[in-house]
Amino acid sequence: MQCCQLADIFSGLRNKNILKIAGVIIDLIKFGDQKISWDSGNIVECKYEISSINLLVKELITHSPEGYVLFFDTKLGVINQHIIPSLINNDYGIVTGIETPFPELLSYSVPSSYFNLQPPKNISEYTSWLVSFQCCLIDKKLLRNGFLDEKFLTVQGAAVNWGLQQLYAGAMMRSTSVFGLRGVTREAIYNKDQIRLVKYHQGFIWAGWTCFRLATTKFSSSLFLLFYLLKIKNQKTNKIEEIKWKDWRSVQYNTEAKVTILIPTVDRYSYLIPMLEQLRYQTVPAFEIIVIDQTRKEIRKELNASNIPLKLFYMDESGQCRSRNLGLLNSKGDHILFLDDDDEVYPELIEDHLKCLSYFKADVSCGVCQEPGSKYAPARYKMIRMADVFPTNNGMVKRKVLSKSGLFDMAYDRGQRADGDLGARVFLSGAKMILNPEISVIHHRAPQGGLRKHNVRKVTYGSSRSNITHRRLPHTTELYFNKRFFTLEQQREYKVLTVLGTFSIRGNLLKKIGKGFYSLFMLPSTLHIISSRDRQASELIKSKPQIPELLN
C-alpha cells in the first residue's frame, strides 16, 4: 500500500461521523477482506506483513494521533464494540485477546520468571507481554516512538519483540478473554526469530548459550542458528523510549483504606524497635501493626506500644510462613503491607503504596529495597513497570487478592522462595502487580536472625559473585518452587544455570581464574548437592502444598 493511497483513505475517513467509545476514538486496522461493522473510528484494511503494518500505523497516527488502535484479523469473526469501554477505563496501554505461545528458547536463558507463566483458562485477565496483532488494542501514545522491527521474519516474532520492549519500558499490558478468542490456536514463533529475540534482549553471549543448549538438549539444527546469530551479531532492534510515570503521587488515593503492617521478627530488636518508632510518623497511620515475635523466651524483650496500634504475638517455634500466616489470619485490614524487621522506612511509605495502587488501578504494589553499600541494580528494576517480583520486605497487597490466592505455603517455612511462591499464585490469579522502585526502604540484611536461624541464606548471590569459595546453590525449597510452577525443561535449565553461576565472580582476571579452578574442583560436590536437594523437592511435591485460606 503506497503512502499516497493511505493519504487518500484517511482524507475520506476523517469526514465520517465517528461514535467515540468512552470519549475516545478507536481506529480499527483489520487483516483479511471480510466486511466488519465499525463506527468508533477509522477502519482500514492492511496486509498481515511487518512493512505494511508499520507504514499504515505511521500514517494513522499522523492523521489521527489520539485514542487507541484495535488490530483485528477478520478470520476470527466479528468484534463486539461494547466490550472496549472496560478496557479503556482501566488505562491499559496494550490489551491482547489471543493467547500467543511462549517463545520456548527463552527457557534456556530466563527459565523461572513470572512472565513465563500461563494462568489457568478460567482467569479472565492477566499480565502478558505476548502480543498478537490478530487481536490487540493499543494506546496510540505507544506507537509514536518506533514500532515493529522489520528484521524479524514474521509478524508474530516482531510482535513479541515489541511487546517485550514495551513491558520493560513501563507499558501496562494485559491479556483478556473478553474478546471471546481464548483457545484460538497460534503457530509457534520461528527459531530464528526467537534467537533474534534473545540476542536483542539478553545479548550475544546468552543467544550463543541458547544455541549451544538447543544443540545439546534437542540435537536440532542449532548450527544453522549459530551461523544466523553470527550474521545478526551487530544488529540492534528499534529503540523504545521508557515511559515516565511522573505524576503517580498526585493521584487521589483511597483514604478509607485500613492498612495492616505485618512484621515477623527473630532476635532483631536492635533493628525492629527503631523501625516501630519510624512507623509512628507515617503520613497515613497504620490501622494495625502486627508483630510476630519468634525470639527465644529467655532473651525476649518488651516492646513499647505507645502511640502505635501494635498487636503482638509470640511463637516458640520459629518459621517465616507460620509466623506470617498467624499474623494474616489475625489481621483485620483490607490492605496488607509486608515488611521485614530489619527494614528502615520513610514517613510516606504507606501513602505511596496506596497512591501506587490507586494510580495504576492495581492489586499489588511492589517496592524495592536498597542495601547499604550495594552498587549493583539491574536497569529493569529501576523503573516503574508490571511486576515480576513479590517482595515481603516492602510490598502492599489487597486483602481480597490473598483471599483468592491463599496464604504462605508451609513447605517454605524454613526455606527460600516463600514470597516467590505466593507471588506466583497471586500472578496466576490475574492480579495486576506493579513494580515501583520509587517506593524504597533500606534493608539492612541483619547478620543474625531471619532465615539464618535455619542455616539458610548464608551464601547469597552477591557473596558468591565476590568470594572465591562461596557457591550459591539452590535450596530444596527453591527447586520445589520450580517444580510447582515451571516446565521440566525450565527446571532443568535453572539447575544448569545455577551450576554455571558457581564459576562467576566480579573482579580482576586473577580472581576469575581462581574462582574457575575452585568451582571446577568443587563441581562433583555441586552436582551431588543439587541432585540430593532435587530429590528432596520431589518428596515435598508428593506431600502437596499446605496453604491456609484467608477469609474476607
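Residues numbered from 1 in each chain as written. Predicted model: local features only at pLDDT ≥ 70, side-chain atom pairs only at ≥ 80, totals over all residues. Heavy atoms only, no water.

A. Up close: the overall build of the protein chain. Secondary structure summary: the protein chain contains 17 helices and 16 strands in total. In terms of C-alpha radius of gyration, the protein chain reaches 25 Å, essentially the compact-globule figure of 24 Å for 552 residues. With respect to the three principal axes, the spread of C-alpha positions in the protein chain is 85 × 60 × 45 Å. Residues counted as buried form 54% of the 552 residues belonging to the protein chain. Sequence-distant contacts in the protein chain: of pairs separated by 6 or more residues, those separated by 24 or more amount to 80%. As displayed, the protein chain offers around 24600 Å² of accessible surface, 53% of which is attributable to carbon and sulfur atoms. Each charge class in the protein chain was averaged separately, 73 positive and 53 negative side chains, and the resulting centres sit 5 Å apart. (Helix = DSSP H or I, 4+ residues; strand = E, 2+ residues; numbered from the N terminus. Rg over C-alpha atoms; globule rule 2.2 N^0.38 Å. Buried < 20%, exposed > 50% of the residue type's maximum accessible area, 1.4 Å probe, protein only. Contact = heavy atoms within 4.5 Å. Areas by Shrake-Rupley, 256 points an atom, 1.4 Å probe, with all protein chains shown as cover. Lys, Arg positive; Asp, Glu negative; His and termini not counted. Charge placed at Lys NZ, Arg CZ, Asp CG, Glu CD.)

B. A look at helix H16 (residues 509–521). When the terminal C-alpha atoms of H16 are compared, their 18 Å separation across 13 residues agrees well with the 18 Å that a helix rising 1.5 Å per residue should span. The N-capping residue of H16, defined by a side-chain oxygen 3.3 Å from the backbone nitrogen of Leu510, is Asn508. (Expected span 1.5 Å × (residues − 1). Polar contact = N/O pair within 3.5 Å; in protein donor to acceptor, adjacent residues only side chain to side chain.)

C. Structural detail: the pattern of salt bridges. Counting across every chain of the model gives 36 salt bridges. Glu489 is the partner of Lys218 in a salt bridge, and the nearest nitrogen-oxygen pair spans 3.5 Å. Of this pair, Lys218 sits in helix H6 (residues 204–218) while Glu489 sits in helix H15 (residues 488–501), and the two are 271 residues apart along the sequence. For Lys218, a relative accessible area of 39% translates into the label partly exposed. One salt bridge connects Arg385 with Asp388, and the closest N-O pair in it is separated by 3.3 Å. Under the relative-accessibility criterion, Arg385 is labelled buried at 0%. The buried category is assigned to Asp388, whose relative accessible area is 12%. (Salt bridge = Lys/Arg side-chain N within 4 Å of Asp/Glu carboxyl O.)

D. Layout of empty space enclosed by the protein. For the structure shown, the criterion picks out 1 cavity of 30 Å³ or more. Lining the largest cavity we find Ile98, Glu99, Thr100, Gln118, Tyr126, Ser128, Leu130 and Ser175. Across the lining of the largest cavity, the residue classes tally to 3 nonpolar, 4 polar and 1 charged. (1 Å grid on protein atoms, 1.4 Å probe; cavity = no way out; pocket = protein on both sides within 12 Å on 5 of 7 lines; lining within 4 Å. Points joined across faces, edges and corners; volume = space filled by probe spheres on them. Nonpolar A, V, L, I, M, F, W, Y, C, P; charged D, E, K, R; others polar.)

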